[in-house]
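Residue strings, one per chain:
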Amino acid sequence: MPVIAPMPAARPARIPGQRDGAEDSMAAGTTVDHLTETYRAHYRSLLGLAALLLDDTASCEDVVQEAFIRVHSARKRVRDPEKTLAYLRQTVVNLSRSALRRRIIGLKLLSKPMPDMASAEEGAYDQLERDALIKAMKGLQRRQREVLVLRYFADMTEAQVAETLGISLGSVKAYGSRGIAALRVAMEAPA
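Since we're looking at a predicted model, the values are computed, not measured.

Caption draft 1: A look at the side chain of T31. Within the fold, T31 resides in the loop between α1 (21-24) and α2 (32-53). Taking relative accessible area as the criterion, T31 reaches 16% and is therefore assigned buried. A distance of 3.0 Å separates a polar atom in the side chain of T31 from the backbone nitrogen of H34.

Caption draft 2: Focus on a nonpolar patch on the surface. On the surface, V149, Y152 and F153 cluster together into a nonpolar patch covering about 330 Å² of accessible area. Position of Y152 relative to the elements: it lies in helix α6 (residues 142-153).

Caption draft 3: Seen up close, helix α3 (residues 57-73). Helix length check: α3, at 17 residues, gives a terminal C-alpha distance of 24 Å against a target of 24 Å (1.5 Å per residue), a fit within 8%. Along α3, the positions that sit buried rather than exposed are S59, C60, V63, V64, A67, F68 and V71. Buried positions along α3 lie against α2 and α4 (84-109).

Caption draft 4: Representation of unusual backbone geometry. In the Ramachandran plot, D155 falls in the positive-phi region, its phi being about 60° despite a non-glycine side chain. Examined against the element boundaries, D155 turns out to sit in the loop between α6 and α7 (158-165).

Caption draft 5: Fine view of the pattern of salt bridges. Summed over the entire model, instances satisfying the criterion amount to 6 salt bridges. Of the charged contacts in the structure, one is a salt bridge between E37 and R40, with a shortest N-O distance of 3.1 Å. Pair noted here: E37 and R40 are both in helix α2, with a separation of 3 residues, about one helical turn. Owing to a relative accessible area of 46%, E37 belongs among the partly exposed residues under this scheme. Its salt-bridge partner being R143, residue E146 comes within 3.4 Å of it at the nearest N-O pair. In this pair, E146 and R143 both sit in helix α6, 3 residues apart, roughly one turn of the helix. Judged by relative accessible area, R143 falls into the partly exposed class, the value being 24%. Here the salt bridges do not stand alone but share partners, grouping D55, D56 and R103 into one network.

Caption draft 6: Looking closely at the packing of aromatic side chains. What the rule picks out here adds up to 2 aromatic pairs. Where Y39 meets Y43, the ring centres are 5.2 Å apart and the plane angle is 55°; that geometry is what we call tilted. Note that Y39 and Y43 are positioned in helix α2 at a spacing of 4 residues, about one turn of the helix. Exposure class is identical for Y39 and Y43. Each is buried. Considering the side-chain rings of Y39 and F68, the 4.9 Å spacing of their centres and the 75° angle between planes classify their relative orientation as edge-to-face. Placement of Y39 in helix α2 and of F68 in helix α3 is noted, with a sequence separation of 29 residues between them. For F68, a relative accessible area of 7% translates into the label buried. Ring pairs connect the aromatic residues Y39, Y43 and F68, which therefore count as one cluster.

About the cut-offs
- Residues numbered from 1 in each chain as written.
- Predicted model: local features only at pLDDT ≥ 70, side-chain atom pairs only at ≥ 80, totals over all residues.
- Heavy atoms only, no water.
- Helix = DSSP H or I, 4+ residues; strand = E, 2+ residues; numbered from the N terminus.
- Buried < 20%, exposed > 50% of the residue type's maximum accessible area, 1.4 Å probe, protein only.
- Polar contact = N/O pair within 3.5 Å; in protein donor to acceptor, adjacent residues only side chain to side chain.
- Patch = residues over 30% accessible without salt bridge, like charges linked within 9 Å, V, L, I, M, F, W, Y side chains within 5 Å.
- Areas by Shrake-Rupley, 256 points an atom, 1.4 Å probe, with all protein chains shown as cover.
- Salt bridge = Lys/Arg side-chain N within 4 Å of Asp/Glu carboxyl O.
- Expected span 1.5 Å × (residues − 1).
- Contact = heavy atoms within 4.5 Å.
- Phe/Tyr/Trp six-rings, centres within 6.5 Å; stacked < 30°, edge-to-face > 60°.

Rendered as structure tokens:
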């Protein structure tokens, strides 16, 4: 993947009252000048390192820029200026790992469809079957329809259906079996 490195910032003009470079090195820590030179010399190699760990150019550039920002902020802790590049490499690796971790967590948090959810096609077929069942139920005798609705849709026992309709238990069984047989014939008939 081709990567284009941005132009390194030009060396800032000296501000009056600013200390010289010798004083800026402060015996311990990396100087801004050394960090700028490291940026110019190793930006592309650090970008290549990030590209090996991440999959898109924008993320690679963000990681490398963030690494330079972090090293700049902590430059006084890098006691040996020769270790600045190693510190930058390790920061690029750590930031790449963090970016990948955030992506994985983001993917896990995305809402996933429930495994038992019906697809749009299945929903359409279910609707067609319900419509056919309702049409077949309307074609039943009134008592057969009442028995089947109370027995299977209201989830009543045969005794409860008999009591609700004021008919005998034998009548409930007879109307139920005749109603199911009539539904079977109606549902199997071509539309």
